[in-house]
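Listed below are the residues making up each chain.
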Number of protein chains: 4
Amino acid sequence: MTSTVKGMLATYPADLGAIDQAKLVKCVEECIACAQACTACADACLSEGMVGDLAKCIRTDMDCADICTATAAVLSRHTGYDANISAAILNACAMVCKACADECGRHADMHEHCRLCAEACRSCEQACNELLGALG
Amino acid sequence: MTSTVKGMLATYPADLGAIDQAKLVKCVEECIACAQACTACADACLSEGMVGDLAKCIRTDMDCADICTATAAVLSRHTGYDANISAAILNACAMVCKACADECGRHADMHEHCRLCAEACRSCEQACNELLGALG
Amino acid sequence: MTSTVKGMLATYPADLGAIDQAKLVKCVEECIACAQACTACADACLSEGMVGDLAKCIRTDMDCADICTATAAVLSRHTGYDANISAAILNACAMVCKACADECGRHADMHEHCRLCAEACRSCEQACNELLGALG
Amino acid sequence: MTSTVKGMLATYPADLGAIDQAKLVKCVEECIACAQACTACADACLSEGMVGDLAKCIRTDMDCADICTATAAVLSRHTGYDANISAAILNACAMVCKACADECGRHADMHEHCRLCAEACRSCEQACNELLGALG
């Protein structure tokens, strides 16, 4: 997948302020990859014979996909930047990624899609927390 | 608009726990109305002659629409409920609604769409805060 | 739920062209109500004991929620209007609403949430088709 | 950006049918990259001095982001597959990507973000059309 996240950021025509651009790019990329992984994991869970045991996993996947998608969009905007909004959505995103990583992690031994999704969530949680730390 | 939010909640087949259902319904309704108002306001701003003065308003409208949409989805799910996730996204939603109400409010005297949108944001902010308070 | 869809449309500052405004408002309202009903129905299905029988219903609910949300957003914008884009997304929305109404309809006798969701989907399908017809 | 799209598809536990998996993976990747590029381009346009000349570009970017996001989600699901829904949303996605590539292309000489975004849209349009052709 050729990432255009970095290229789009580099062509923003106004001042980006003091934000850590490498951490910002990483976080946007993780959010959109995590959203897709969670959507796919929820669907894969639906096709497991033991779907009844995966109800909480599916629900958390869906929350995680929705919040990651919103976070990626907010972080892709720089005009009229408001650090409080970025921090609040990053905090929600890190929290749902942690919850989803934990929940998918419980099924990782049995379901490879849960193992991959847990990895994506953990990686996204870390990227959110690193960007949060860099917001000051 | 016939709201189906209340009807859908009433037919949820499992235990909803101790959540305040009236505040939950109100908050979902406000989130989806606010998301639509913000999307429409961003577009209306784009068609104003003075669009250059409305850049921050458009950006905040778009953030608010994205976060309200995600919040409405999370709050529409009850399976495997995690109060921490609800609280985190409600906190982000209340914050962006306040920011958008403030920003649209600055243009409310000149642009009726900003006045209506600010009202929707303020109403959604209040519903988020009331539900947050009821989560305990 | 106090609809702000009509109010926002009425304050759009530029020319709306020849579009049927009543059908447009109705369609946006139906799309956002249907998206919420489908999200809630998918979640309610997850909490049914027979969730394995509802896998296709949950999946279709999720597709319908995603497409209705995108359709509501596109229809809430009027700047630089392109009838071909509106028609294409309305066509996809009517199709997924029909599929979801049919699928939920199969479970309507057993699950009240499916019955309500099927109604929301059928109503949204009709509103999409009526607006499509009015686009010319 | 490490793509997890391919990995998630490979771990889907049920039959994927006759779909061309390479084209499916490519299309999902293009849709999520295009959605991000369009969101970033709309925001970059907002910060240009000549934003008034970019109103249609911003609007089309937003439509394209919304439809690409919905398309990526629909294509990430395989349970209860309905080729008609995939075809309808792919058709809408190819159309909005073409419109956005054309509109951004008009500003590509002046704005590098529009040039990059037009490339992402053109690439996504092509991936949608190739997958559409492979659906049969």
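Our structure's up above, just so we're on the same page.
What counts and how
- Residues numbered from 1 in each chain as written.
- Chains lettered and ligands numbered in written order.
- Predicted model: local features only at pLDDT ≥ 70, side-chain atom pairs only at ≥ 80, totals over all residues.
- Heavy atoms only, no water.
- Helix = DSSP H or I, 4+ residues; strand = E, 2+ residues; numbered from the N terminus.
- Rg over C-alpha atoms; globule rule 2.2 N^0.38 Å.
- Buried < 20%, exposed > 50% of the residue type's maximum accessible area, 1.4 Å probe, protein only.
- Contact = heavy atoms within 4.5 Å.
- Buried area = accessible area lost by both parts, 1.4 Å probe.
- Salt bridge = Lys/Arg side-chain N within 4 Å of Asp/Glu carboxyl O.
- Polar contact = N/O pair within 3.5 Å; in protein donor to acceptor, adjacent residues only side chain to side chain.
- Nonpolar A, V, L, I, M, F, W, Y, C, P; charged D, E, K, R; others polar.
- Least-squares fit on C-alpha atoms with pLDDT ≥ 70 in both.
- Expected span 1.5 Å × (residues − 1).
- Axes fitted to C-alpha atoms, helices over the stretch in contact; angles between N-to-C directions.
- Parallel < 35°, antiparallel > 145°, perpendicular 65-115°, else oblique.
- Left-handed = near helix turned anticlockwise from the far one by under 90°.

A closer look at the overall build of chain A
Next up, step 1: Looking only at helices and strands, one finds five helices and zero strands in chain A.
Next up, step 2: Listing each helix as α and each strand as β along chain A from the N terminus yields α-α-α-α-α.
Next up, step 3: Whereas a compact globule of 136 residues would reach a radius of gyration of roughly 14 Å, chain A reaches 16 Å, a difference of no more than 12%.
Next up, step 4: Counting only C-alpha atoms and orienting by the principal axes, one finds that chain A spans roughly 50 × 30 × 20 Å.
Next up, step 5: Taking all 136 residues of chain A together, the buried fraction comes to 62%.

Some thoughts on the environment of A:Gly105
Residues and elements named next belong to chain A.
Next up, step 1: Following the sequence through the fold, Gly-105 ends up in helix H4 (residues 83–106).
Next up, step 2: Its relative accessible area of 36% is what places Gly-105 among the partly exposed residues.
Next up, step 3: Residues Gly-105 and Cys-57 lie 48 residues apart in sequence; the distance between their C-alpha atoms is 9.6 Å.
Next up, step 4: Once residues within four sequence positions are removed from consideration, Gly-105 is found in contact with Cys-100 and Ala-118.

Section: the environment of A:Ala22
Next up, step 1: Here A:Ala22 shows up in helix H2 (residues 21–46).
Next up, step 2: Sequence spacing of A:Ala22 and A:Cys100 is 78 residues, and the spatial spacing of their C-alpha atoms is 25 Å.

Some points on the interface of chain C and chain A
Many descriptions give the size of an interface as the accessible area lost when the pieces come together.
Next up, step 1: Each partner contributes to the interface: chain C provides eight residues, whereas chain A provides eight residues.
Next up, step 2: Taken as a group, C:Leu46, C:Val51 and C:Met62 account for 58% of the area that chain C buries against chain A, more than any other trio of residues on that side.
Next up, step 3: Summed over the shared surface of chain C and chain A, the result is zero salt bridges.
Next up, step 4: Across the chain C-chain A interface, the total number found is zero residue pairs in polar contact (both at pLDDT 80 or more).
Next up, step 5: Going through the elements one at a time, helix H2 (21–46) and helix H3 (55–75) of chain C are the ones with two or more residues in the side of chain C that touches chain A.
Next up, step 6: Classifying every residue of the side of chain C that touches chain A gives five nonpolar, one polar and two charged.

Considering the relation of the copies chain D and chain A
Next up, step 1: Screw-axis analysis of chain D against chain A gives a translation of 0.0 Å along the axis, an RMSD of 0.0 Å, and a rotation angle of 180 degrees. Overall, the copies show the geometry of a two-fold rotation axis.

Brief notes about the interface of chain D and chain A
Next up, step 1: At the interface, 34 residues of chain D touch 34 residues of chain A.
Next up, step 2: Summed over both partners, the interface of chain D with chain A comes to about 3000 Å²; 69% of that surface belongs to carbon and sulfur atoms.
Next up, step 3: Across the chain D-chain A interface, the total number found is ten residue pairs in polar contact (both at pLDDT 80 or more).
Next up, step 4: For the side of chain D that touches chain A, the per-class residue count stands at 17 nonpolar, twelve polar and five charged.

Brief notes about the pattern of salt bridges
Next up, step 1: Per the stated rule, a full pass over the model turns up 44 salt bridges over all chains.
Next up, step 2: Among the ionic pairs, B:Asp63 bridges to A:Arg77, the shortest N-O distance being 2.7 Å. Of this pair, B:Asp63 sits in helix H3 (residues 55–75) while A:Arg77 sits in the loop between helix H3 (55–75) and H4, placing the two residues on different chains. Like B:Asp63, the residue A:Arg77 is buried in the burial classification.
Next up, step 3: Put simply, D:Glu125 and D:Arg122 hold a salt bridge, and the shortest N to O gap is 3.3 Å. Taken together, the residues D:Glu125 and D:Arg122, both in helix H5 (residues 112–135) and three residues apart, mark about one turn of the helix.
Next up, step 4: Judged by its relative accessible area of 13%, D:Glu125 falls in the buried class.
Next up, step 5: Overlapping salt bridges bring together A:Arg59, A:Asp63, A:Asp66 and B:Arg77 as one network.

Digging into the relation of the copies chain C and chain A
Next up, step 1: By a simple turn and slide, chain C fits onto chain A: the slide is 0.0 Å along the axis, the RMSD is 0.0 Å, and the turn is 180 degrees.
Next up, step 2: An overlap of 100% is found between the interface residues of chain C and their copies at the interface of chain A, pointing to a shared contact surface.

Details of the side chain of D:Thr71
All names here are of chain D.
Next up, step 1: Here Thr-71 shows up in helix H3 (residues 55–75).
Next up, step 2: Its relative accessible area of 0% is what places Thr-71 among the buried residues.
Next up, step 3: Those residues within four positions of Thr-71 in sequence are excluded, and the remaining contacts are Cys-31, Ile-89, Leu-90 and Cys-93.

Some details on H5(D)
Next up, step 1: In a regular helix each residue adds 1.5 Å, so 24 residues correspond to 34 Å; H5(D) covers 35 Å between its end C-alpha atoms and thus fits that length.
Next up, step 2: Buried residues in H5(D) make contact with helix H1 (5–10) of chain A together with helix H2 (21–46), H3 and helix H4 (83–105) of chain D.

Concerning the packing of helix H2 (residues 21–46) of chain B against H2(C)
Next up, step 1: In the contact formed by H2(B) and H2(C), the axes pass within 11 Å of each other and the chain directions differ by 135 degrees. When the interaxial angle is binned, H2(B) and H2(C) end up oblique. Both H2(B) and H2(C) take part in a crossing whose hand is right-handed. Residue-level contacts link B:Val28, B:Ile32 and B:Gln36 of H2(B) to C:Val28, C:Ile32 and C:Gln36 of H2(C).
Next up, step 2: Here the contact of H2(B) with H2(C) is built from residues that sort into four nonpolar, two polar and no charged.

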